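# Examination of the molecular architecture
Here are the chains, one letter per residue:
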Amino acid sequence: MLNIRYEKTTNPKPLPEKDNPLKFGTIFTDHMFAMNYEEGKGWFDPRVVPYQKISLEPSAMVFHYGQEMFEGLKAYKTDDGRTLLFRPNKNIERANRTNRRICIPEIDEEDFLQAIKAVVKMDEAWIPTKPGTSLYIRPFIIATDEFLGVRPSSTYLFMIILSPVGAYYPEGLNPVKIWIEDEYVRAVRGGIGEAKTGGNYVASLAAQMKAHEEGYSQVLWLDGVERKYIEEVGAMNIFFKINGTVVTPKLNGSILPGVTRDSVINLCKHWGLSVEERRISVDELLEAAKDGSLEEVWGTGTAAVISPVGHLRFEDTVLQIKDGGIGEISQKLYDTVTGIQLGRIEDPFGWTVEVQ
Ligand SMILES: *Cc1c(COP(=O)(O)O)cnc(C)c1O
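Residues numbered from 1 in each chain as written. Predicted model: local features only at pLDDT ≥ 70, side-chain atom pairs only at ≥ 80, totals over all residues. Heavy atoms only, no water.

## Considerations on the nonpolar core
F33, I116, V120, I137, F158 and I160 are the most contacted members of the largest nonpolar core, which totals 36 residues. Only β2 (31-38), β3 (42-50), β5 (73-77), α2 (88-101), α3 (109-122), β7 (134-143), β8 (155-165) and β18 (352-355) provide two or more residues apiece to this core. Looking at this core, the element that brings in the most residues is α3, giving seven residues. The next biggest cluster of nonpolar side chains, apart from the first, holds 25 residues, and it includes I178, V247, V282 and L319. (Core = buried A, V, L, I, M, F, W, Y, C linked by side-chain atoms within 4.5 Å. Buried < 20%, exposed > 50% of the residue type's maximum accessible area, 1.4 Å probe, protein only. Helix = DSSP H or I, 4+ residues; strand = E, 2+ residues; numbered from the N terminus.)

Laid out in structure tokens, this is it:
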């Protein structure tokens, strides 16, 4: 149990206006959670304090070698006014897997959940209620030793900030156009692809810029070794429905194990669909698109939940998925996952956790 210290803001910000559509990740609430770490002392001084700037020396290690991790999850307001988190323990377990991979000290899982609940409770009034909106929760840890040598830091800062958000893609649930990248790779097996850490995202920017210039909204990544097998789409996991079977790339060390991915696999199995986690090559995809067996393509991630894909391009080949509209399973998954998140439909797996 953390003994959290509270300091309330004396200068609350106005809540976002109900009529203005919320963007993703631009507005932050009144408070944040913070806690420090020192070798020999452990994590200490857990606190909920006003959202504020932090001061670090230019030599702080995070600025030089990227020792930092982050997570992303959401809180939702139900119609009867309760606040729900969606599978927070999966994010917390993953956070500690990331920590182990990049030599950041772990955080006790119960303490982590207590910290999330404490700051969400404090800023509960900021949870938006319009369809498609939620409160995005961003926990992260940075290395703060003032040192230019390469080694794990001995001091860290853990923070949780909150942002009321609307749809991740301005297109909403309209299918997006995806660029299959054959030059750059995002991650390699043995590297840090399965950890939620900044290095993976900076590695993705050049390809994302290239795709944007070509009029595509996201990049589909191939494996870094053979550049043949499909891994992820942007910062989402990817699913295909081929001949009635749901197929998603098997976790291989360079793919980020998404909580939404796991939820979608469980739901599809629960509905009696056959689900395969296996390698899938671009060639197989092109073939399936050509012979008409490729029925649906969608990405999964906390931010967008389900993001249908309507159009893929690989080198000079353009694949139009069916009629370019949202597929039946994609729509059903979106309705079911968001229905559970909002407490509107039965939660057969006990995925939601109430903040009280
Ligand atoms: C966060 C993330 C995902 C999706 O994970 P969720 O837990 O479903 O949000 C997928 N791929 C990458 C690269 C990510 O960073």
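Additional details are given in the paragraphs that follow.
## Let's talk about the environment of I280
Checked against the element boundaries, I280 lands in the loop between β14 (275-278) and α7 (282-290). Under the relative-accessibility criterion, I280 is labelled buried at 0%. Expressed as a C-alpha distance, the spacing of I280 and E7, which sit 273 residues apart in the sequence, is 51 Å.

## Considering the pattern of salt bridges
For the coordinates displayed, the defined rule picks out 21 salt bridges. One salt bridge connects K77 with E124, and the closest N-O pair in it is separated by 3.4 Å. With K77 in strand β5 and E124 in the loop between α3 and β7, the pair connects residues that are 47 residues apart, well separated along the chain. For D80, the salt bridge goes to R82, with nearest N and O atoms at 3.3 Å. (Salt bridge = Lys/Arg side-chain N within 4 Å of Asp/Glu carboxyl O.)

## Points about the UniProt feature "modified residue: N6-(pyridoxal phosphate)lysine" (unreviewed entry) in the protein
In the numbering used here, UniProt assigns the feature "modified residue: N6-(pyridoxal phosphate)lysine" (unreviewed entry) to K196. Counting through the fold element by element, K196 comes out in the loop between β9 (176-180) and α4 (198-202). Residues within four places of K196 in sequence aside, it is in contact with M69, F70, E71, G72, R94, T98, Y201 and L256. (UniProt positions renumbered as here; feature names shortened; annotations may be inferred. Contact = heavy atoms within 4.5 Å.)

## Notes on the site of the ligand
In the vicinity of the ligand, 14 residues are found, and the nearest of them are K196, Y201, E232, T260 and T302. The backbone of A235 places a nitrogen or oxygen atom 3.5 Å from a nitrogen atom of the ligand. Interatomic distance of 2.8 Å between a backbone N/O atom of V259 and an oxygen atom of the ligand. When the ligand sits alone it has 380 Å² of accessible area, and the protein chains cover 96% of it. The set of elements that each furnish at least two residues to the shell around the ligand consists of β12 (236-242) and α6 (259-270). Residue composition of the shell around the ligand, by class: five nonpolar, five polar and four charged. (Near = heavy atom within 4 Å. Polar contact = N/O pair within 3.5 Å; in protein donor to acceptor, adjacent residues only side chain to side chain. Areas by Shrake-Rupley, 256 points an atom, 1.4 Å probe, with all protein chains shown as cover. Nonpolar A, V, L, I, M, F, W, Y, C, P; charged D, E, K, R; others polar.)

## Describing helix α5 (residues 205-213)
An α-helical turn contains 3.6 residues, so a residue and the one three or four places further along point in the same direction. Along α5, the residues that are buried comprise A207, K210 and A211. Down the axis, α5 shows its buried residues gathered within 100 degrees of arc, on one side only. Buried residues belonging to α5 abut β9 and β10 (218-222). Looking one or two places after α5, you find G215, whose phi comes out positive at around 90 degrees. (Arc of directions from axis to C-beta.)

## Description of the packing of aromatic side chains
Inspection of every chain in the model, using the stated rule, returns 12 aromatic pairs. Taking 4.5 Å as the distance between ring centres and 20 degrees as the angle between the ring planes, the aromatic pair formed by F349 and W351 counts as stacked. A connected cluster of aromatic rings, assembled from ring pairs, spans F33, Y37, W43, F112, Y156 and F158. Geometry around W271 places K332 over its ring, the cationic atom sitting 4.2 Å from the centre. (Phe/Tyr/Trp six-rings, centres within 6.5 Å; stacked < 30°, edge-to-face > 60°. Lys NZ or Arg CZ within 6 Å of the ring centre and 35° of its normal.)

## Remarks on a negative patch on the surface
A contiguous patch of negative charge on the surface is contributed by E93, D108, E109 and E110. Among the structural elements, D108 can be located in the loop between α2 and α3. (Patch = residues over 30% accessible without salt bridge, like charges linked within 9 Å, V, L, I, M, F, W, Y side chains within 5 Å. Lys, Arg positive; Asp, Glu negative; His and termini not counted. Charge placed at Lys NZ, Arg CZ, Asp CG, Glu CD.)

## A short note on the domain arrangement of the protein
When cut into domains, the protein gives domain 1 (5-165) and domain 2 (176-334). Here the C-alpha centre of domain 2 lies 28 Å away from the C-alpha centre of domain 1. Contacts between the two partners involve 20 residues from domain 1 and, on the opposite side, 17 residues from domain 2. Taken over both partners, the interface formed by domain 1 and domain 2 buries close to 1,400 Å², and the fraction arising from carbon and sulfur atoms is 56%. Summed over the shared surface of domain 1 and domain 2, the result is two salt bridges. Between K90 and D262 there is a salt bridge, with the nearest N and O atoms lying 4.0 Å from each other. For the interface between domain 1 and domain 2, the tally reads 11 residue pairs in polar contact (both at pLDDT 80 or more). Breaking the side of domain 1 that touches domain 2 down by element, the ones donating at least two residues are β4 (68-70), β5 and α2. Element by element, the count of residues in the side of domain 1 that touches domain 2 is highest for α2, at six residues. (Domains from an automatic or database assignment. Buried area = accessible area lost by both parts, 1.4 Å probe.)

## Overview of unusual backbone geometry
For D45, which is not glycine, the phi torsion reads 55 degrees and is therefore positive. Topologically, D45 is positioned in strand β3. Of the residues examined, D45 reaches a relative accessible area of 30% and is grouped as partly exposed.

## Focus: the environment of G310
Examined against the element boundaries, G310 turns out to sit in strand β16 (residues 305-314). For the pair G310 and G215, spaced 95 residues apart in sequence, the C-alpha separation works out to 14 Å. Discounting chain neighbours no more than four positions away, the residues touching G310 are P175, V176, L319, Q320, I321 and G324.

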